[in-house]
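# Commentary on secondary and tertiary structure
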Amino acid sequence: MTSDHSAATGPDLTLGVATDTIADGKMLLGHVDEHPVLLARRDDTFFAIGATCTHYGGPLAEGLMVDETVRCPWHHACFSLKTGEALHAPALSPVACWSTELVDDKVFVRGEVAPTQSARLAPTSASSRRIVIIGGGAAGFAAAEMLRRRQFQGSVVMLSEDDAAPVDRPNLSKDYLAGNAPEDWIPLRGDDFYAEHNIDLRLRTTVTEIDVRGREVALSDGSKVAYDQVLLATGAEPVRLPLPGMDLAHVHTLRTLRDCRAIIAGAATARRAVIMGASFIGLEVAAALRARGIEVHVVAPDKRPMERILGAQMGDFVRSLHEEHGVIFHLEDTATAIDARQVTLKRGGSINADLVVVGVGVRPRLALAEKAGLAIDRGVLVNEYLETSVSGILAAGDIARWPDPHSGTSIRVEHWVVAQRQGQTAAVNMLGGREKFAAVPFFWSQHYDVPINYVGHAEAWDDLAIDGDIAARDCMLRYKRNGRVLAVASIYRDSESLTEERAMEGKAVSTQ
């Protein structure tokens with residue numbers, strides 16, 4: 001989901017704005033030449049930064065100002081008003097900055113200044129360290145980027161089994177798969193980024209063992225990589241159904257850029273597709289394939305889509321939304337076999353299909369952690385600093401189970417933004433910081449033109465309060481247990497979603 005918010009609107013900030021028109025803690029959208037600029041006030045200090053989020057182009061003026069930061073309303077990226085730095089993922093690049101000047105009772109925006117990164121630099125003593133990152137996904141990339149952003153001068157080796165450099169994985173099931181985004185949007189950074197930042201990215205590389213005593217990582221080609229610290233960010237892999245026909249050429253899962261390219265190639269000639277699973281990934285794929293004009297059938301054992309995560313009301317809405325776009329559901333049913341022409345159903349009958357996508361969930365990749373003797377409990381157990389039970393090894397992303405201060409339990413979630421933010425926190429802590437991972441979990445899903453944002457974590461709830469009208473696509477759902485809001489889901493309530501996130505941050509509970 002992208003949008004153009006580059007049009008110059010609001011006052012010309014170079015001509016000055018009366019200071020009393022901007023209250024403390026408020027923001028004003030204006031422009032400098034053709035650039036949209038956000039003017040913000042904290043006490044008697046004024047800040048001017050670019051008004052467009054560097055992630056997907058969200059309008060920061062519609063976001064939430066917190067202290068000397070602003071949060072994007074779309075996907076909750078956070079920027080420093082003082083420096084322009086992208087403080088929290090999913091944005092990684094800074095926004096532009098302008099200087100301001102107070103003259104009498106007016107504030108003027110002057111020349112553009114270079115945005116500055118964090119002043120919290122890596123200690124000089126860390127310059128000889130060797131950090132190995134195992135995994136080329138969201139957490140691994142965010143960690144590598146943050147290590148260099150903090151001006152860590154030591155060795156950074158990134159070992160990835162993928163054949164492509166780290167990509168914007170959410171787009172693989174959304175705009176890119178639908179044909180609405182070019183492939184050059186997909187890499188998180190261009191190939192030259194790794195060379196320029198001295199990140200030794202090794203693709204198509206399989207790690208076979210972490211030698212804890214020898215502090216070496218063994219590779220499948222027999223070579224070894226020495227380390228002082230390891231970030232284990234192996235992510236998750238799609239669940240493959242134990243069905244005849246899963247290995248046929250027209251049957252796919254979706255996790256990597258290669259997977260996505262294969263589905264796109266199959267879609268070029270396909271007339272009918274079967275999606276197995278009514279998960280977020282499965283239904284985003286359904287929407288993308290409908291955008292390509294392909295007939296889509298969804299087969300799932302659930303009574304309604306996404307009910308376990310979003311509840312019955314939202315599940316019914318999601319089903320009706322997809323049915324409006326021509327998707328045909330076969331719920332409370334499963335497949336028993338796949339052949340070259342059709343998918344056979346357990347409840348009888350079959351569906352002709354020349355393209356099949358299996359989206360029935362993922363499982364964390366724990367083999368390396370288990371072999372290295374790390375503590376495991378349905379994921380790699382980490383403390384609030386993302387440290388595992390073995391000294392010198394941290395874990396982040398889909399494999400990590402951490403003590404969540406907001407739900408009061410240890411949780412593991414498979415959210416892109418969570419993985420990125422954990423990678424950033426892990427990088428800080430590998431450099432000697434003691435930064436607790438306390439971010440409120442967040443994810444978004446896109447179905448045609450309808451975005452669903454989800455903040456928090458609710459594995460179970462005893463009350464669901466609905467504000468607004470789900471069918472009208474204007475709502476906020478609050479998932480509560482014992483009167484406490486654990487999570488919220490929303491459609492076109494971006495400002496409220498940010499406010500709820502902020503409220504959750506202020507109501508953390510102990511996990512002890």
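Use the structure listed above.
Throughout what follows, the structure given in this document is the object of discussion.

For the structure on display, the rule yields ten aromatic pairs. Measuring from ring centre to ring centre gives 5.0 Å for Phe-280 and Phe-443, while their planes differ by 75°; the resulting arrangement is edge-to-face. Taken together, the residues Phe-280 in helix α5 (residues 280-291) and Phe-443 in strand β32 (residues 442-447) connect sequence positions 163 residues apart. Residue Phe-280 shares its accessibility class with Phe-443, and that shared class is buried. Taken together, the ring pairs connect Phe-280, Phe-443, Tyr-454, Trp-461 and Tyr-479 into an aromatic cluster. A cation sits over an aromatic face here: Arg-189 above Phe-193, 5.7 Å from the ring centre. Arg-434 extends its terminal NZ or CZ atom over the ring of Tyr-385, reaching a point 3.8 Å from the ring centre.

Evaluation of the coordinates by the stated rule reveals 31 salt bridges. A salt bridge links Asp-467 to Arg-493, with the nearest nitrogen and oxygen atoms 3.0 Å apart. Pair noted here: Asp-467 is in strand β34 (residues 463-469) and Arg-493 is in the loop between β36 (484-491) and α9 (494-505), with a separation of 26 residues, a long-range link. One salt bridge connects Asp-474 with Arg-493, and the closest N-O pair in it is separated by 2.5 Å. Taken together, the positions of Asp-474 in strand β35 (residues 474-481) and Arg-493 in the loop between β36 and α9 put the pair 19 residues apart, joining distant regions of the chain. Here Arg-493 falls in the buried class, since its relative accessible area comes to 12%. One network of salt bridges, in which partners are shared, links Arg-71, Glu-501, Arg-502 and Glu-505.

What follows is about the sheet that holds strand β23 (residues 335-338). Here we have three strands laid out as an open sheet, ordered β23-β24-β25, and antiparallel in their pairing. If you trace the sheet from one side to the other, it starts and ends with β23 and β25 (350-352), each paired once. Recorded for the sheet is a direction-independent mean angle of 20° between the axes of neighbouring strands. Here strand β24 (residues 342-345) runs beside β25; their pairing, made up of three bridges, is antiparallel. Along β25, the bridge assignment pairs Thr-344 with Ser-350.

Here we come to helix α6 (residues 307-324). In this model α6 runs just 19 Å from its N-terminal to its C-terminal C-alpha over 18 residues, more than 12% under the 26 Å that 1.5 Å per residue would give. The sharpest bend along α6 comes to roughly 85°, located at Gln-313. All buried positions along α6 are accounted for by Leu-310, Gly-311, Met-314, Gly-315, Phe-317, Val-318, Leu-321 and His-322. The first or second residue beyond α6 is Gly-326, which carries a positive phi of 95°.

On to the pairing of strand β33 (residues 450-456), then. Buried residues dominate β33, accounting for seven of its seven residues. Between β32 and β33, which pair antiparallel and follow one another directly, the connecting turn spans two residues, one of which, Tyr-448, has a positive phi of 60°. Where β33 lies against β36, four bridges are found, and the strand directions are antiparallel. From the neighbouring strand, Tyr-454 faces β36, where its bridge partner is Ala-489.

Burial analysis of strand β21 (residues 295-300) places five of its six residues in the buried class, the great majority of the element. Inspection of the sheet shows strand β20 (residues 272-276) paired to β21 by five bridges, in the parallel sense. Counted as the bridge partner of Ala-273 is Val-296 from β21. Handedness of the crossover joining β20 and β21 through α5: right-handed. Here four bridges tie β21 to strand β22 (residues 328-331), and the two strands are oriented parallel to one another. Residue pairing in the sheet places Val-299 in a bridge with His-330 of β22. A crossover links β21 with its parallel partner β22, the connecting element being α6, and its sense is right-handed.

Looking now at the sheet that holds strand β15 (residues 216-219). One open sheet accounts for three strands, arranged β14-β15-β16; its pairing is antiparallel. Each edge of the sheet is formed by a strand with only one pairing partner; in this case those strands are β14 (207-211) and β16 (224-226). Adjacent strand axes in the sheet meet at a mean angle of 20° when their direction is disregarded. Inspection of the sheet shows β14 paired to β15 by four bridges, in the antiparallel sense. Paired with Glu-209 across the bridge in β15 is Ala-218.

Tracing the sequence through the fold places Leu-147 in helix α1 (residues 138-149). As a C-alpha pair, Leu-147 and Gln-424 span 277 residues in sequence and 8.2 Å in three-dimensional space. Excluding residues that lie within four positions of it along the chain, Leu-147 makes contacts with Ile-131, Ile-133, Phe-152, Val-156, Ala-427, Met-430 and Leu-431.

In the segment running from Ala-89 into Pro-90, the intervening peptide bond is cis, with an omega of 20°. By secondary structure assignment, the location of Pro-90 is in the loop between β8 (86-88) and β9 (97-103). Positive phi outside glycine occurs at Asp-33, with the angle close to 55°. Structurally, Asp-33 can be placed in the loop between β2 (27-32) and β3 (35-42). Accessibility expressed as a relative area gives 57% for Asp-33, which makes it exposed.

The rules behind each value
Residues numbered from 1 in each chain as written. Predicted model: local features only at pLDDT ≥ 70, side-chain atom pairs only at ≥ 80, totals over all residues. Heavy atoms only, no water. Phe/Tyr/Trp six-rings, centres within 6.5 Å; stacked < 30°, edge-to-face > 60°. Helix = DSSP H or I, 4+ residues; strand = E, 2+ residues; numbered from the N terminus. Buried < 20%, exposed > 50% of the residue type's maximum accessible area, 1.4 Å probe, protein only. Lys NZ or Arg CZ within 6 Å of the ring centre and 35° of its normal. Salt bridge = Lys/Arg side-chain N within 4 Å of Asp/Glu carboxyl O. Pairing = 2+ DSSP bridges. Axes fitted to C-alpha atoms, helices over the stretch in contact; angles between N-to-C directions. Expected span 1.5 Å × (residues − 1). Bend = angle between axes of the 7 residues up to and from the residue. Right-handed = clockwise from strand over helix to strand, strands pointing away. Contact = heavy atoms within 4.5 Å.

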